[in-house]
Amino acid sequence: MPKLQMQGPKPGLLRQLGFFSATALVISNMVGMGIFGTTGFMAGDLGSARLILACWGVGALVAFAGALSYSELGINFPSSGGEYVYLTHAFGPEWGFMTGWVSFFAGFSAPIAAAALAFSDYLGYFFPSLKQANATVIGSGAFTLRLGPGQMAASALILGFTILNCVGVGRTAKVQNVLTSTKMIVIVGFVLLGFTAGHGSWSHFSEPAVRTSSVALPTQFLVSLLWVMVGYSGWNAATYVAEEVRRPERTLPLALGVGTAIVAALFLGLNVVFIYAVRLEDMKGVIAVGSVSALHLFGPGVAGVFSALMAICIVSTVNAEITVGPRVYYAMAKNRAFFSAAATVHPRWHTPVVAILSQGLCAMFMTLSQFRDLLTYIGMSLTLFT
């Protein structure tokens with residue numbers, strides 16, 4: 001008689017992430033291209049230091065309120081997928097389907113692309129050809145693409161971390177913990193040294209800039225708030241990997257609350273030091289505002305060091321977002337709301353490899369978009385669903 005073939009259980013996700021790793025994911029998802037790449041645009045659009053700081057303050061309150069709400073949701077639904085899981089349970093699969101696909105394009109692929117482009121712009125301090133301003137423009141109107149060394153460097157960064165995430169969340173978490181710790185040291189050091197040893201001026205806070213936006217100021221404040229929410233996006237990061245968090249009922253609320261509070265303090269401190277370092281008029285339209293601030297505060301020698309360190313800070317964000325996003329597509333695929341192959345977990349690495357690779361390819365393609373357009377697209381889409 002033929003022998004019966006016994007099949008073992010399908011490989012699944014493992015609970016390997018503790019409080020520090022979950023909090024590191026929250027911090028690294030939040031602290032990235034949003035804070036390092038948007039204040040220059042806000043300087044031109046709002047033209048006032050007080051309005052810029054008010055905008056970041058309002059964004060902090062919204063993010064913290066979201067973190068408190070998601071803490072409760074994470075305790076009651078400790079499954080990977082974040083708002084995809086919550087909206088599916090609350091309003092049905094149609095809303096889950098929509099938010100899941102918005103997460104794929106606007107929630108993760110676009111922010112990964114934008115962060116990678118900001119990384120290239122910071123490296124542009126050393127290699128000017130990497131700056132977005134030097135990219136070749138292809139097409140016109142809504143079909144404009146930008147191609148150059150900066151886009152290639154951004155895509156290479158995305159590819160490298162996509163491969164790393166395929167080979168195990170444990171390895172990725174170790175790298176992420178190192179990158180996040182480095183990021184925290186760099187930001188705190190930059191803020192403290194900026195005020196104690198930098199050559200800035202408090203008079204910059206009372207010097208308005210000529211606005212580059214023709215939109216009425218209240219309306220522009222709301223538009224700028226969307227960009228700020230891009231900077232704060234990531235306060236919900238730990239809920240996306242809930243199935244891989246140890247003791248989620250305790251770890252998720254702590255990671256979300258502590259991570260969001262730390263980032264809010266860092267963001268406000270960074271914006272104050274940016275304005276202290278550079279007049280708003282000189283900051284308008286600058287992506288790598290951290291590099292410009294370091295140049296004004298410390299001179300060209302030290303500014304190069306801080307530009308390199310800020311590029312590393314953005315690298316941390318790219319890795320964190322590449323880690324978090326595929327868990328949404330994994331949850332969707334299990335409910336047949338995404339390609340079924342995305343629900344497959346690698347038997348050795350215990351990672352959703354197909355989901356990770358799909359996101360990586362989409363993000364690499366989106367590096368061809370204009371940085372400012374990516375910010376607006378991300379802000380409008382994410383604010384609606386979160």
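Residues numbered from 1 in each chain as written. Predicted model: local features only at pLDDT ≥ 70, side-chain atom pairs only at ≥ 80, totals over all residues. Heavy atoms only, no water.

Across its full length, the chain carries 16 helices and two strands. The C-alpha atoms of the chain give a radius of gyration of 21 Å, which matches the 21 Å a tight globule of 386 residues would have. Considering only C-alpha atoms, the chain reaches an extent of 85 × 40 × 40 Å along its principal axes. The buried share among the 386 residues of the chain stands at 56%. When contacts within the chain are restricted to residue pairs at least 6 apart in sequence, those whose partners lie at least 24 apart make up 80%. (Helix = DSSP H or I, 4+ residues; strand = E, 2+ residues; numbered from the N terminus. Rg over C-alpha atoms; globule rule 2.2 N^0.38 Å. Buried < 20%, exposed > 50% of the residue type's maximum accessible area, 1.4 Å probe, protein only. Contact = heavy atoms within 4.5 Å.)

Among the secondary structure elements, Leu256 is positioned in helix H11 (residues 248-277). Between the C-alpha atom of Leu256 and that of Ile27, which follows or precedes it by 229 residues, the distance is 9.0 Å.

For the rest of this paragraph, the subject is the packing of helix H3 (residues 39-46) against helix H9 (residues 217-232). Two numbers describe how H3 lies on H9: the axes approach to 10 Å, and their chain directions differ by 175 degrees. If you check the angle between H3 and H9, you find them roughly antiparallel. In this structure, H3 contributes Phe41, Met42, Asp45 and Leu46 to the contact, and H9 contributes Leu217, Gln220, Phe221, Ser224, Trp227 and Val228. For the contact of H3 with H9, the class distribution of residues is seven nonpolar, two polar and one charged. (Axes fitted to C-alpha atoms, helices over the stretch in contact; angles between N-to-C directions. Parallel < 35°, antiparallel > 145°, perpendicular 65-115°, else oblique. Nonpolar A, V, L, I, M, F, W, Y, C, P; charged D, E, K, R; others polar.)

It is worth spelling out the packing of aromatic side chains at this point. The tally for this structure, following the rule as stated, stands at 24 aromatic pairs. Ring geometry for Phe190 versus Phe274: centroids 6.3 Å apart, planes at 55 degrees, classification tilted. With Phe190 in helix H8 (residues 169-197) and Phe274 in helix H11, this residue pair connects regions lying 84 residues apart in the sequence. Using a relative accessible area of 0% as the deciding quantity, one classes Phe190 as buried. On the numbers, 6.3 Å between centres and 70 degrees between planes, the contact of Phe190 with Phe298 is edge-to-face. With Phe190 in helix H8 and Phe298 in helix H13 (residues 289-298), this pair connects stretches of sequence that are 108 residues apart. Note on accessibility: Phe190 and Phe298 belong to one class, buried. (Phe/Tyr/Trp six-rings, centres within 6.5 Å; stacked < 30°, edge-to-face > 60°.)

A rise of 1.5 Å per residue sets the reference length of helix H1 (residues 19-30), with its twelve residues, at 16 Å; its end C-alpha atoms lie 17 Å apart and thus fit the reference within 8%. Of all twelve residues that make up H1, ten are buried, and the element is covered over most of its length. Listing the buried residues of H1 in full gives Ser21, Ala22, Thr23, Ala24, Leu25, Val26, Ile27, Ser28, Asn29 and Met30. (Expected span 1.5 Å × (residues − 1).)

Given a rise of 1.5 Å per residue, 35 residues ought to cover 51 Å, and the 52 Å separating the end C-alpha atoms of helix H14 (residues 300-334) matches this to within 8%. Just downstream of H14 lies Arg336, where phi reads positive at about 65 degrees.

This part is about the pattern of salt bridges. Scanning the entire structure with this criterion turns up three salt bridges. Note that Glu207 and Arg279 form a salt bridge whose closest N and O atoms lie 3.2 Å from each other. Residue Glu207 is found in the loop between H8 and H9, and its partner Arg279 is found in the loop between H11 and helix H12 (280-283); the two are separated by 72 residues along the sequence. For Glu281, the salt bridge goes to Lys284, with nearest N and O atoms at 2.7 Å. (Salt bridge = Lys/Arg side-chain N within 4 Å of Asp/Glu carboxyl O.)

Interpretation of this model should avoid reading the predicted coordinates in detail wherever pLDDT is low. When pLDDT is averaged along the chain, the result is 82, and 91% of the positions lie at 70 or above. Per-element mean pLDDT across the chain ranges from 67 in helix H10 (residues 237-240) up to 92 in helix H15 (residues 353-366). Below pLDDT 50 for its whole length, residues 1-8 participates in zero contacts with residues either more than four positions away or in separate chains. (pLDDT = per-residue confidence, 0-100.)

With respect to the helices, strands and loops of the structure, Phe195 is situated in helix H8. A relative accessible area of 30% means that Phe195 is categorised as partly exposed. A sequence separation of 32 residues divides Phe195 from Trp227, and the C-alpha atoms of the two residues are 26 Å apart. Here Phe195 is in contact with Trp202, Val272, Val273 and Tyr276, once residues within four sequence places are set aside.

Phi angles above zero are rare outside glycine, and Arg336 is one such case at about 65 degrees. Along the chain, the position of Arg336 falls in the loop between H14 and H15. Judged by relative accessible area, which is 80%, Arg336 ranks as exposed.

Counting residues in each nonpolar core, the largest one holds 100 residues, and the members touching the most others are Phe36, Phe190, Tyr232 and Leu270. Per element, the largest residue contribution to this core is 16 residues, and it comes from H14. Not counting residues up to four positions away in its chain, the partners in contact with Leu270 are Ile35, Phe36, Ile187, Phe190 and Val191. (Core = buried A, V, L, I, M, F, W, Y, C linked by side-chain atoms within 4.5 Å.)

With that settled, consider the side chain of Lys183. Looking at the secondary structure, you find Lys183 in helix H8. Within the buried core, Lys183 has no salt-bridge partner, and the shortest N-O distance to an opposite charge, that of Glu321, equals 8.5 Å. Residue contacts for Lys183: discarding those within four places in its chain leaves Ile27, Ser28, Val31, Cys313, Ser316 and Thr317. (Lys, Arg positive; Asp, Glu negative; His and termini not counted.)

Two numbers describe how helix H6 (residues 93-123) lies on H15: the axes approach to 8 Å, and their chain directions differ by 60 degrees. In terms of their interaxial angle, H6 and H15 are classed as oblique. For the crossing formed where H6 meets H15, the hand is right-handed. Judged by residue contacts, Phe104, Phe105, Phe108, Ser109, Ala110, Ile112 and Ala113 of H6 engage Ser358, Gln359, Cys362, Ala363 and Met366 from H15. (Left-handed = near helix turned anticlockwise from the far one by under 90°.)

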